[in-house]
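Below are the chains, spelled out letter by letter.
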Amino acid sequence: MRKIIGLSVATALTCTMALAKEINVGLILPMSGAIAAYGQNAEVGVKLAHKLQPKLNNGDKINLILIDNKGDKVETANAATRLISSDKVVALLGPMISTNTAQVISIAEKKHVPVIAPAATNDKLTMRKMYANRVCFTDSFQGSVVANYALKQNKKKAVVIVDQATVYSLGLSKAFKNTYTKGGGKILKKIRITSGDKDYKAIISQIKKLNPDIIFLPLYHPEASMIARQAKELGLKTTMISGDGVANQTFIDLGGDAVNGYLYTDAFDYTNPPTKKSAEFIKAYQKQTGSNALNAFSALGADTYNLLVNAMNKCEDPTNSKCINKEIKNTKKFEAVTGIISIDKEGNAIKSAVIKEIVNGKPVYKATVNP
Amino acid sequence: MDLLTFMQQMVNGFSLGSMYALIAIGYTMVYGVLRLINFAHGDIMMVGAFLAYAFISIFNLPFAFAVLLSVVISALVGILTDKIAYKPLREAPRISLLITAIGISFFLENAFTVFAGGIPRPFPVPEYMQNIFNVSGIIFSTSSIMVPIVTLVLLLAILFVLYKTKYGMAIRALSFDIKTVNLMGIDANKIISIVFALGSALAAVGGIFWVINYPSVEPMMGVLVGLKAFAAAVVGGIGSVTGAVLGGFIIGFTEVVVVAFFPDLAGYKDAFAFVFLIFVLLFKPTGIMGKDLEKSRF
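Residues numbered from 1 in each chain as written. Chains lettered and ligands numbered in written order. Predicted model: local features only at pLDDT ≥ 70, side-chain atom pairs only at ≥ 80, totals over all residues. Heavy atoms only, no water.

> Can you break down the interface of chain A and chain B residue by residue, with the values?
Across the contact, 29 residues belong to chain A and 36 residues belong to chain B. Contact between chain A and chain B buries roughly 2700 Å² in total, counting both sides, with carbon and sulfur atoms accounting for 57%. Of all residues in chain A, Lys198(A), Asp199(A) and Glu233(A) give up the largest surface area on contact with chain B, accounting jointly for 20% of the area buried on that side. A salt bridge links Lys189(A) to Asp264(B), with the nearest nitrogen and oxygen atoms 3.7 Å apart. (Contact = heavy atoms within 4.5 Å. Buried area = accessible area lost by both parts, 1.4 Å probe. Salt bridge = Lys/Arg side-chain N within 4 Å of Asp/Glu carboxyl O.)

> Before we move on, could you go through helix α6 (residues 167-182) of chain A and cite the residues and values that matter?
All names here are of chain A. Over its 16 residues, α6 extends 23 Å from the first C-alpha to the last, a length consistent with the 22 Å expected when each residue adds 1.5 Å. Buried residues belonging to α6 abut α5 (139-152), β6 (157-163), β7 (186-193) and β8 (214-216). Once α6 finishes, Gly 184 follows within two positions and takes phi at roughly 95 degrees, a positive value. (Helix = DSSP H or I, 4+ residues; strand = E, 2+ residues; numbered from the N terminus. Expected span 1.5 Å × (residues − 1).)

> Just give me the short version of the nonpolar core, but keep the residues and values in it.
With 119 residues, the main nonpolar core has Tyr262(A), Tyr86(B), Phe123(B) and Trp210(B) as its most contacted residues. No other element matches helix α8 (residues 188-213) of chain B, which puts 16 residues into this core. If near-sequence neighbours (up to four positions away) are discounted, Tyr262(A) is found in contact with Leu217(A), Ala224(A), Ala228(A), Met240(A), Ile241(A), Ser242(A), Val246(A), Phe251(A), Lys356(A), Glu357(A) and Ile358(A). (Core = buried A, V, L, I, M, F, W, Y, C linked by side-chain atoms within 4.5 Å. Buried < 20%, exposed > 50% of the residue type's maximum accessible area, 1.4 Å probe, protein only.)

> I'd like a description of the packing of helix α11 (residues 296-314) of chain A against helix α12 (residues 321-329) of chain A, backed by residues and values.
All names here are of chain A. It is at 8 Å that the axes of α11 and α12 come closest, and there the two elements cross at 115 degrees. Of the two possible hands of crossing, α11 and α12 adopt the one that is right-handed. On α12, the residues that touch Leu 307, Leu 308, Ala 311, Met 312 and Lys 314 of α11 are Ile 324, Glu 327 and Ile 328. Residue composition of the contact of α11 with α12, grouped by class: 6 nonpolar, no polar and 2 charged. (Axes fitted to C-alpha atoms, helices over the stretch in contact; angles between N-to-C directions. Left-handed = near helix turned anticlockwise from the far one by under 90°. Nonpolar A, V, L, I, M, F, W, Y, C, P; charged D, E, K, R; others polar.)

> Which residues make up the sheet that holds strand β5 (residues 132-134) of chain A, and what values do they have?
All names here are of chain A. Here 5 strands make up an open sheet; going across it, the order is β2-β1-β3-β4-β5 and the pairing parallel. Looking at the sheet topology across the chains shown, the edges are occupied by β2 (61-68) and β5. Note: strand β4 (residues 115-117) against β5, 3 bridges, orientation parallel. When the sheet's bridge partners are listed, Ile 116 is paired in β5 with Asn 133. Against the sheet, helix α2 (residues 36-52) makes contact with β1 (22-29), β2 and β3 (92-93), and its axis sits at roughly 170 degrees relative to β2, the strand it touches most. (Pairing = 2+ DSSP bridges.)

> Explain helix α1 (residues 3-34) of chain B to me, using residue names and the numbers behind them.
Residues and elements named next belong to chain B. Counted at 1.5 Å a residue, the expected span for α1 with its 32 residues is 46 Å, and the 45 Å between its end C-alpha atoms agrees. With 26 of 32 residues buried, α1 lies mostly within the body of the structure. Phi for Arg 35, located one or two positions after α1, is positive at around 55 degrees.

> Before we move on, can you summarise the packing of aromatic side chains with the specific residues and values?
Here the distance between the centres and the angle between the planes together describe a pair of aromatic rings. Per the counting criterion, the structure on display carries 18 aromatic pairs over all chains. On the numbers, 5.2 Å between centres and 40 degrees between planes, the contact of Phe50(B) with Phe112(B) is tilted. Of the two residues, Phe50(B) is situated in helix α2 (residues 41-57) and Phe112(B) in helix α4 (residues 94-116); the sequence distance between them amounts to 62 residues. For Phe50(B), a relative accessible area of 6% translates into the label buried. Among the aromatic residues, those joined into a cluster by ring pairs are Phe176(A), Tyr180(A) and Phe216(A). (Phe/Tyr/Trp six-rings, centres within 6.5 Å; stacked < 30°, edge-to-face > 60°.)

> Run through the state of the cysteines, naming residues and quoting values.
Residue and element names in this part refer to chain A. Counting across every chain of the model gives 1 disulfide over all chains. Paired by a disulfide, Cys 315 and Cys 323 hold their sulfur atoms 2.0 Å apart. Taking the sign of the torsion about the S-S bond as the criterion, the disulfide between Cys 315 and Cys 323, at about -105 degrees, is left-handed. Here Cys 315 falls in the buried class, since its relative accessible area comes to 6%. Taking the relative accessible area as the measure of exposure, Cys 323 reaches 17% and is therefore buried. (Disulfide = S-S within 2.5 Å.)

As structure tokens, then:
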């Protein structure tokens, strides 16, 4: 008798477990280290999206496993390997910058696990890769957006300041150059710098002599903010424009008064929610944090999760990584927090970009540019 | 190049060079006494800047008082690193000291990363330091005038201490032979502490000027500046205080001149400081002001 009860209890347990599975999803983000600001913002978005939609349509529970990669190459590779082999994750979300994303992709590619990157914009990341996807735009799109915007404002003479030490900067400046020169713009000079440097006064004195209509700075915020400050000091008043590398509060903090009037592209603007979904998400964000200032990286983080859940719901077996990957790539006109997203065969997101201007220390929405 | 741009670039170079000079003095003094290249020196500069940042932003102290306090504390940090890390190794081979210095450097960088995080913070520059003057087209900021003046005043002060005071005589004696000086009834460890205090205080002044000009404070800010100041000290003649100042100006001007005359090489301007270093080491290993290393100091 006891045996029978024991057996039936055991069967009942396995049945319920079979009915509602727990599915592991890996999340790799820089939560500490130099680029911790990016990772911590994205984590907020992913966690909130998970809180709003913790289960699949069939009742399976999604279990997020977060590993801090510290923005470091070795840590990133370890995290990806561990999540795939010991935690048996069905998909990987993150990390933030292109360099680290390339590492995750190369490991996931071999194990056939799909990756969705929130913010890695380098063009080459998804080329000839089966399992690499992203919800952000690419550098070539971003570069052409900036170039077209400058041309439309009738700014036909540009100086470009390139950081020769980052792939981001090189890719973005190339894309800018292509569109800008095709559209009738002229690049007066391309000035090379190396990231980590602080003194740009000699360069700015040079630019002053060239007298361009616009300066394009495809840089990250530490360098761009110093250039803006020293330009103000030396009386250079030319309009400056950047990509999403400066789209964060630290840029405004470091730049102070000098960044007023600075233009940049961004993925998202919380004051202009592009979809119903994003308005809802901003509301949920406000309920949780008390502020509606949803950061673009948080919004992109939420999109990686939502896109993944959407793909998993379409699969008969939501633990089948191959099916998930196929469905991610089949995503068309998906209503995401940052706007309407379609994913192409290469895994790149086709979506619009936002141009913002810093006015009195606050980013102000200027325009939306469609692909 | 027109005269105006040239003059502007000279102003830029002068202010940059002064900051390297301030930090180079510390390298040169410690080397003169201990024959040690104190690679933690650039990080002392970061400590000075961070302390000033903390006193102003967190404790709301007035600017001048905060600067004074952080310079004093940085001097104490300098003495402390000597007592903890270098003093036990006085009799050890020079290479052990050098490795310890690199260890201290990593320790300071990582300790500040743990406490302050890696995100750069804006340094609160007081209004009166941000004034801009326009002298017939050449643009000065208050700090770009103040840095060279303060550097020269501090150089004179250091030279005064070295040549006109009892302690200075002891420091110079120490640079010849530590053991003999001990026999003469001079407390060598006390004198070494004074050297570390003076060098670290100057590094802190350099660090604070650095963040006034480039208002971003982060734990790794001392690495590249420290290396360039080291190059400056060697170019000027390591062991010579005047040489360190001269070397600082040379490195600062080189950077600016490279950008001004060869704009296409602007991305490689950091490399030029080190190319200079290699050439000096090849052709005049004792540097510009350096005399025969074993005979004279300072």
